[in-house]
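What follows is each chain in one-letter form.
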Amino acid sequence: MVIHGIATFKQWLEQKHFTKIVVIGDANGFAHCLPHVHQVGIIEGLWLEVGVGEKHKELETCSWLWQQLMEKEVDRSALIINLGGGVVTDLGGFVASTYKRGVSFVNVPTTLLGMVDAAIGHKTGINFGEAKNQVGTMSAPLAVVIDPIFLASLPNMELLSGLGELIKYGLIADAPLFHALGSIEMGKDQTVIARCIDIKMAITKEDPNEKGVRRMLNYGHSVGHALEAHAYHLGQPIPHGVAVAWGMVAEAHLSEKLAGFADTDLVWNKINHLFPIPEILYQADLARAIGSYLTQDKKNSSGLIQSALLYKIGQGKIGFNIEKEDFSSSVSWLQQRLLA
Ligand SMILES: NC(=O)c1ccc[n+]([C@@H]2O[C@H](COP(=O)([O-])OP(=O)(O)OC[C@H]3O[C@@H](n4cnc5c(N)ncnc54)[C@H](O)[C@@H]3O)[C@@H](O)[C@H]2O)c1
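Residues numbered from 1 in each chain as written. Predicted model: local features only at pLDDT ≥ 70, side-chain atom pairs only at ≥ 80, totals over all residues.

Before going further, it helps to examine the site of the ligand. The ligand sits among 31 residues. The nearest are Asn28, Gly85, Gly86, Val87 and Thr111. Within the residue set of the shell around the ligand, elements represented by two or more residues are helix H2 (27–39), helix H4 (86–98), helix H5 (112–118), strand S7 (131–138) and helix H6 (156–173). When its residues are assigned to classes, the shell around the ligand shows eight nonpolar, 15 polar and eight charged. When residues of the shell around the ligand are assigned to domains, at least three map to each of domain 1 (2–153) and domain 2 (156–339). (Near = placed C-beta within 6 Å. Helix = DSSP H or I, 4+ residues; strand = E, 2+ residues; numbered from the N terminus. Nonpolar A, V, L, I, M, F, W, Y, C, P; charged D, E, K, R; others polar. Domains from an automatic or database assignment.)

What follows is the structure, encoded as structure tokens:
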């Protein structure tokens, strides 16, 4: 269930009877978003602040949160509100869905990526060891609260990160949306955000367990995740959606080779116009490095990576089993194009 606006969320909360309200957030979320939350006078409860960033989406933070919930005698009839970006909604959703075998939670995404992707679709999780999102649950929040007011304080690079996902929705499901997206500012547009949420919700409703059409949402993510992981390990992290944006260009080239896609130039032009070029895209042995990350890809089965490609702008296609070498060569192609 999507609730539009924190004022409406307040009315929704007033009709419920939770024993306690717990709010999980990070320092940025609390600093920038709490004033908006307080303005509508929603919440009195227990506030739990976790560290900022991906490195805190891990077991130690969960242990601390579970400990806090136990010490404060939070019971199964409480509500956990995850107020923050994808790190907070993934982590808080995981903690909520496992504490006492599951307490109710609501996601209040405060980043664009959170609004159009991370906070919806029922995936919760944490990183484990070197691998991202290895431990988690499929658990539905009671509601997701969308309010673009939170985006006012979001740094441009984080807006761009969300924009990468918006462009993906256009590419796989809505050609007019793809063509319309021409500036970072459009990422704050309520109609655009609502349209992307509709696309993700329709796809996840049709295929909640990611056995079929939901795989379309992974377009651009095989190369994107590998780029993101590689950059992270080199100590030059790039935002998720920026890695996905360049991943989508490489996979557009692959779509041309394997699915008859004819508009690689349109994808290239859009991404090149809107996104910065991460330094690692110029690294000499990048294609080989990306290949080795793809071996660990969750979609890898018997050496082949189950992927979605583009048939045309606005129409993705699932069901491709692709050799990791094909992905590596699409990365080499991308590098040559950048240097041309
Ligand atoms: N569950 C899913 O289906 C799913 C899908 C996509 C991504 N994810 C996960 O989402 C995470 C990335 O999410 P993200 O990009 O939102 O990152 P994030 O949660 O780290 O937020 C990005 C930065 O913005 C700050 N921030 C948050 N809201 C703010 C605001 N309103 N104003 C100012 N600063 C603010 C955060 O403190 C952080 O520094 C990754 O862990 C990824 O694995 C999950």
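Among all positions in helix H12 (residues 286–295), only Ala289, Ile290 and Leu294 are buried. Along H12, the residues classed as buried sweep out an arc of 140 degrees about the axis, all on the same side. Across from the buried face of H12, at angles greater than 90 degrees, the exposed residues are Arg288, Ser292 and Thr295. (Buried ≥ 20, exposed ≤ 12 C-beta atoms within 10 Å, placed from the backbone. Arc of directions from axis to C-beta.)

Where H6 meets helix H10 (residues 240–259), the axes come as close as 6 Å, and the angle between the chain directions of the two elements is 40 degrees. The crossing of H6 and H10 is left-handed. Where H6 approaches H10, its residues Leu160, Ser161, Gly162, Leu163, Gly164, Glu165, Ile167, Lys168 and Leu171 are matched on the opposing element by His240, Gly241, Val242, Val244, Ala245 and Met248. (Axes fitted to C-alpha atoms, helices over the stretch in contact; angles between N-to-C directions. Left-handed = near helix turned anticlockwise from the far one by under 90°. Contact = placed C-beta atoms within 7 Å.)

This paragraph deals with helix H3 (residues 59–71). Structural remark: α-helix, 3.6 residues per turn; residues separated by three or four positions point the same way. Helix length check: H3 (13 residues) gives 18 Å between terminal C-alpha atoms against 18 Å at 1.5 Å per residue, within 8%. Listed as buried for H3 are Thr61, Cys62, Leu65 and Leu69. Along the axis of H3, the buried residues cluster in a sector spanning 100 degrees; they form a single face. Across from the buried face of H3, at angles greater than 90 degrees, the exposed residues are Glu60, Ser63, Gln67, Met70 and Glu71. Directly beyond the C-terminal end of H3, a positive phi value near 55 degrees is found at Glu73. (Expected span 1.5 Å × (residues − 1).)

From the geometry alone we can't say anything about function, so treat these as descriptive.
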